Amino acid sequence: MVMNTEMKSTIESKFIKETDILNKSFIQDDEGQELGFGYSIRGNRIVLTQDSKGIPVSIEYLADGTKVYHMEQDSKGLPAMHEFKPDGSEIIYLFDAKMHLEKMVNIKANGDKVTFWFSPDGDQIINQEQRQKGGIVFKAMSKEEEATIWLKHDGETISSGSEMLIEHLQGIFAKYLDGMKVA
C-alpha cells in the first residue's frame, strides 16, 4: 500500500469532532451518564459517549459494518481515530495538534502489522511491515525515490532502491538492522 499526499488528506478529512455531528440528541441514565446520537455529514450514524477520563468519543457506524472511534484526545492529548473492520482488521490513525496525520498502524486480520510514519512536510513516508511469515520489510518513499530493506527471519537482508534512502532506513531502524550487511 503506497500512501500519497492525497490519500493522507482524505484520511485527515474523515475525522469527526463532536461539533461536526448533525441532529444531535442526548439521553441520560439514572447515574447521570449522557449518551448522544446523531449523524455525520456523510449520513453515517454516530453515537456520542465519553471514555473513562471524560474525554468525548464519537463512534461512527459505516454501512459496511466498520466502526470508527473518533477521539478528540488520546493518551497523549492528541486526536486519534481507531477503525474496526468487519474482517477483523484494525487501523489506528494518530494526528498532531493541527490534525495532520503523523502515524497510521494497520493490523491485518492475519496478524501482519504495517506502520506508516509521515513527515510533517509530506515529502517522505516511512513504513515498517511486520509479517507473520517472511520477516520485516522497511520502506522509505519520497516524491522522487523509494527504497526497501527486507529483513528475513533467518537474518538475511535484501535491499533495493535509492542508496541514500537505504542508509536513512538503516539509521531509523538500527535496533533491527544493527550489524546487518544490507545488500
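Residues numbered from 1 in each chain as written. Predicted model: local features only at pLDDT ≥ 70, side-chain atom pairs only at ≥ 80, totals over all residues. Heavy atoms only, no water.

Colleague: Mind showing me how you'd approach the layout of surface pockets here?
Modeller: To locate leftover empty space, one rolls a probe as large as a water molecule over the atoms. The calculated volume of the largest pocket comes to roughly 240 Å³. In the lining of the largest pocket, the residues fall into 9 nonpolar, 1 polar and 6 charged. (1 Å grid on protein atoms, 1.4 Å probe; cavity = no way out; pocket = protein on both sides within 12 Å on 5 of 7 lines; lining within 4 Å. Points joined across faces, edges and corners; volume = space filled by probe spheres on them. Nonpolar A, V, L, I, M, F, W, Y, C, P; charged D, E, K, R; others polar.)

Colleague: What am I meant to see in the nonpolar core here?
Modeller: One finds Met 81, Tyr 93, Phe 95 and Met 104 to be the most contacted residues of the largest nonpolar core, which totals 15 residues. Only strand 7 (90-95), strand 8 (101-107) and strand 9 (113-118) provide two or more residues apiece to this core. Setting aside chain neighbours within four positions, we find Met 81 in contact with Ile 11, Lys 14, Phe 15, Val 68, Tyr 69, His 70, Met 71, Ile 91, Ile 92, Tyr 93 and Phe 95. Counting 12 residues, the second-largest nonpolar core is a separate cluster that includes Ile 136, Ala 147, Leu 165 and Ile 166. (Core = buried A, V, L, I, M, F, W, Y, C linked by side-chain atoms within 4.5 Å. Buried < 20%, exposed > 50% of the residue type's maximum accessible area, 1.4 Å probe, protein only. Helix = DSSP H or I, 4+ residues; strand = E, 2+ residues; numbered from the N terminus. Contact = heavy atoms within 4.5 Å.)

Colleague: Help me out: how do you make sense of the side chain of Asn 106 in this one?
Modeller: Tracing the backbone shows Asn 106 in strand 8. Look at Asn 106 and you get buried, because its relative accessible area is 13%. Among residues more than four places away in sequence, those in contact with Asn 106 are Glu 90, Ile 91, Asp 112, Lys 113 and Val 114.

Colleague: Got a minute to help me understand the pattern of salt bridges in this structure?
Modeller: Evaluation of the coordinates by the stated rule reveals 6 salt bridges. The partner of Lys 85 in a salt bridge is Glu 83, with the nearest N and O atoms 3.0 Å apart. In this structure, Glu 156 engages Lys 152 in a salt bridge whose closest nitrogen and oxygen atoms are separated by 3.6 Å. Residue Lys 152 is classed as partly exposed on the basis of its relative accessible area, which comes to 23%. (Salt bridge = Lys/Arg side-chain N within 4 Å of Asp/Glu carboxyl O.)

Colleague: What should I look at first to understand a nonpolar patch on the surface in this one?
Modeller: On the surface, a nonpolar cluster with roughly 330 Å² of combined accessible area is contributed by Leu 22, Tyr 39 and Ile 41. Residue placement: Leu 22 occurs in strand 1 (residues 22-28). What makes Leu 22 partly exposed here is its relative accessible area of 42%. (Patch = residues over 30% accessible without salt bridge, like charges linked within 9 Å, V, L, I, M, F, W, Y side chains within 5 Å. Areas by Shrake-Rupley, 256 points an atom, 1.4 Å probe, with all protein chains shown as cover.)

Colleague: Can you walk me through the side chain of Glu 12 in this structure?
Modeller: One can find Glu 12 in helix 1 (residues 5-13). Residue classification places Glu 12 among the buried residues on the basis of a relative accessible area of 17%. Once residues lying within four places of it in the same chain are set aside, the contact partners of Glu 12 are Phe 95, Met 99, His 100 and Leu 101.

Colleague: Is there a simple way to explain the packing of aromatic side chains in this structure?
Modeller: Aromatic ring pairs are defined here through the distance separating the ring centres and the angle between the ring planes. Summed over the entire model, instances satisfying the criterion amount to 7 aromatic pairs. Arranged with centres 6.0 Å apart and planes meeting at 55°, the rings of Trp 117 and Phe 173 form a pair that is tilted. Of the two residues, Trp 117 sits in strand 9 while Phe 173 sits in the loop between helix 2 (163-172) and helix 3 (174-177), which places them 56 residues apart along the sequence. In this structure Trp 117 comes out as partly exposed when scored by relative accessible area, which is 30%. Between the aromatic rings of Phe 138 and Tyr 176, the centroid separation amounts to 5.6 Å while the plane-to-plane angle is 50°, which identifies the pairing as tilted. Separated by 38 residues along the polypeptide, Phe 138 in strand 11 (residues 135-142) and Tyr 176 in helix 3 bring together distant segments of the chain. Its relative accessible area of 27% is what places Tyr 176 among the partly exposed residues. (Phe/Tyr/Trp six-rings, centres within 6.5 Å; stacked < 30°, edge-to-face > 60°.)

Colleague: What is the right way to read the confidence of the model for the protein from this model?
Modeller: Note: predicted coordinates in regions of low pLDDT should not be interpreted at a detailed level. Confidence in the prediction of the protein, expressed as mean pLDDT, is 89, and 95% of residues score 70 or more. At the level of individual helices and strands, the protein shows its lowest average pLDDT in helix 1, which scores 82, and its highest in strand 6 (residues 80-84), which scores 97. (pLDDT = per-residue confidence, 0-100.)

Colleague: Which parts of the structure should I look at to understand helix 2?
Modeller: Working note: α-helix, 3.6 residues per turn, so residues spaced by three or four point in the same direction. Taken together, the buried positions of helix 2 are Leu 165, Ile 166 and Leu 169. Buried residues in helix 2, looked at end-on, bunch into an arc of 105°, giving them a common side. More than 90 degrees from the buried face of helix 2, the exposed residues found are Glu 163, Met 164, Glu 167 and Gly 171. Contacts from the buried residues of helix 2 go to strand 10 (124-131), strand 11, strand 12 (146-151), strand 13 (157-161) and helix 3. (Arc of directions from axis to C-beta.)

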